[in-house]
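Take a look at the letters that make up each chain.
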Amino acid sequence: MIAMLQAYTVGQSITNGANINFNNSAYETVGAVERGTDTSVITLHKAGVYRIDFNATGVTTDAGTVGAQLYVRNVAQPEAQATATTAAGASASISFSTLVNVVPSAGMPNAVPLVVRYSGADGTLTVADIIVTKVA
C-alpha cells in the first residue's frame, strides 16, 4: 500500500512568516504520513523517500509577492520554494515539488515534521494544496 496524504485549505487569511494550515484532508492513508491536530504540520513517521507537491493561489492586499517555502525539521529547504509577483488585489499562483529523504539516525526523532511557510504580502490564500507520497 502506498502511503500518501492530500490536504488543502480554502480562503485562509495569511501574513508573512506564518505557516500555512491545511484544514481539510482530501485523502490520507494511515501510518507513514499524517496531519495532526496542528493542521500546519505534516509528520513523516517512516524512513524512506517522500515526494512533496505543493501549489497555491493567493490574493494580496497590497502589491507585492505570494510565496511559500518548505521547512523540514524547522530547516528551510532551498530547492522547495516558489514566489510570484502580484498587484494589489490580484491573484498569483505558485507551486513546487521536491523529494525529502528520511534517514533514521542516532539522536534524531522518528517523527519528521514538515511545514510550508508563507512569504509575501498579507492577503488570502484562495486555495493551497499539498500532496505527500512515500515513493521509496
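Quick caveat, the model's predicted, so the values are computed rather than measured.

Before going further, it helps to spend a moment on the sheet that holds strand β2 (residues 24-28). The five strands are arranged β2-β1-β10-β5-β8 in an open sheet whose pairing can be described as antiparallel. A single partner strand is all that each edge strand has here, and the edge strands are β2 and β8 (91-102). Across the sheet, the mean angle from the axis of one strand to that of its neighbour is 10 degrees, orientation sign disregarded. In this structure, strand β1 (residues 4-14) lies alongside strand β10 (residues 123-134), joined through 10 bridges in antiparallel fashion. The residue of β10 that forms the bridge with Ala7 is Ile130.

Moving on, we come to the sheet that holds strand β9 (residues 112-120). Think of a sheet as strands paired side by side through backbone hydrogen bonds, with each pair either parallel or antiparallel. One open sheet holds the five strands; their spatial order is β3-β4-β9-β6-β7, and the pairing between them is antiparallel. Each of the sheet's edge strands pairs with one partner strand only, and the pair in question is β3 (33-35) and β7 (75-86). Between one strand and the next, the sheet's axes are offset by a mean angle of 20 degrees, whatever the strand orientation. As judged from the three bridges shared by strand β4 (residues 42-44) and β9, these two strands associate in the antiparallel manner. Bridge pairing links Thr43 to Pro113 in β9.

Right, let's get into unusual backbone geometry. Of note, the phi angle at Arg73 is positive, near 50 degrees, even though the residue is not glycine. Residue position: Arg73 is located in the loop between β6 (64-72) and β7. Exposure remark for Arg73: the relative accessible area of 30% places this residue in the partly exposed category. In this structure, Asn74 takes a positive phi of about 65 degrees despite not being glycine.

On to the nonpolar core, then. Ile20, Phe22, Leu44, Phe54, Leu70, Val116 and Ile130 are the most contacted members of the largest nonpolar core, which has 34 residues in total. For this core, the elements supplying multiple residues, two or more each, are β1, β4, β5 (48-60), β6, β7, β8, β9 and β10. It is β8 that provides the largest number of residues to this core, a total of five residues. Beyond its immediate stretch of four places on either side in the chain, Ile130 contacts Leu5, Gln6, Ala7, Phe22, Ile42, Ile52, Asp53, Phe54 and Val116.

What counts, and at which threshold
Residues numbered from 1 in each chain as written. Predicted model: local features only at pLDDT ≥ 70, side-chain atom pairs only at ≥ 80, totals over all residues. Heavy atoms only, no water. Pairing = 2+ DSSP bridges. Helix = DSSP H or I, 4+ residues; strand = E, 2+ residues; numbered from the N terminus. Axes fitted to C-alpha atoms, helices over the stretch in contact; angles between N-to-C directions. Buried < 20%, exposed > 50% of the residue type's maximum accessible area, 1.4 Å probe, protein only. Core = buried A, V, L, I, M, F, W, Y, C linked by side-chain atoms within 4.5 Å. Contact = heavy atoms within 4.5 Å.

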